[in-house]
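Residue-level listing of the chains:
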Amino acid sequence: MVKINGRETDAEGKTLMEYLKETEYPLRRIAVECNGEIVPKTSYETKVICDGDKIEIVSFVGGG
């Protein structure tokens, strides 16, 4: 099982990009951390989510 934003999720074997598209995250306005390390946007297509991963996805919100 994988923890994404603190919730257990069945996402093993998917690439990070597949997961992000399935869940409709706005790709231009997020940052992703996997097991305590920032994942570069250039790696979203190749980063495979593995059992035991802890992923945090942070959305940026504009305002002022």
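Heads up: the structure comes first, above all this text.
Keep in mind the model is a prediction, meaning the values are calculated, not measured.

Caption draft 1: A look at the sheet that holds strand β3 (residues 30–34). Taken together, five strands build an open sheet; the order of strands is β2-β1-β5-β3-β4 and the sheet is mixed. Only two strands of the sheet have a single partner each, and these edge strands are β2 (7–9) and β4 (37–39). Across the sheet, the mean angle separating the axes of adjacent strands is 30 degrees when strand polarity is ignored. Alignment of β3 against strand β5 (residues 54–59), held across five bridges, turns out to be antiparallel. For Ala31, the partnering residue across the bridge sits in β5 and is Val58.

Caption draft 2: Representation of unusual backbone geometry within the structure. The residue Asn5 is not glycine, and still its phi comes out positive at about 50 degrees. Checked against the element boundaries, Asn5 lands in the loop between β1 (2–4) and β2. Residue classification places Asn5 among the partly exposed residues on the basis of a relative accessible area of 32%. At Glu24, a position not held by glycine, the phi torsion is positive, near 60 degrees. Mapping Glu24 onto the fold places it in the loop between α1 (16–22) and β3.

Caption draft 3: Representation of the environment of Glu45 within the structure. Among the structural elements, Glu45 can be located in the loop between β4 and β5. For the pair Glu45 and Arg29, spaced 16 residues apart in sequence, the C-alpha to C-alpha distance is 17 Å.

Caption draft 4: Geometry of the pairing of β5. Inspection of the sheet shows β1 paired to β5 by two bridges, in the parallel sense. When the sheet's bridge partners are listed, Lys3 is paired in β5 with Lys54.

Caption draft 5: Examining the side chain of Thr15 more closely. Tracing the backbone through its elements, the reader meets Thr15 in the loop between β2 and α1. For Thr15, a relative accessible area of 14% translates into the label buried. Other than its neighbours up to four places away in sequence, Thr15 contacts Tyr44, Glu45, Lys47, Val48 and Ile49.

Caption draft 6: Spotlight on the nonpolar core. With 15 residues, the main nonpolar core has Leu20, Val32, Tyr44, Ile55 and Ile57 as its most contacted residues. Of all the secondary-structure elements, those providing two or more residues to this core are β1, α1, β3 and β5. Here this core gets four residues from one element, more than from any other, and that element is α1. Contact partners of Leu20, with chain neighbours within four places excluded, come to Tyr25, Leu27, Ile30, Val32, Tyr44 and Ile57.

Cut-offs and rules
Residues numbered from 1 in each chain as written. Predicted model: local features only at pLDDT ≥ 70, side-chain atom pairs only at ≥ 80, totals over all residues. Heavy atoms only, no water. Pairing = 2+ DSSP bridges. Helix = DSSP H or I, 4+ residues; strand = E, 2+ residues; numbered from the N terminus. Axes fitted to C-alpha atoms, helices over the stretch in contact; angles between N-to-C directions. Buried < 20%, exposed > 50% of the residue type's maximum accessible area, 1.4 Å probe, protein only. Contact = heavy atoms within 4.5 Å. Core = buried A, V, L, I, M, F, W, Y, C linked by side-chain atoms within 4.5 Å.

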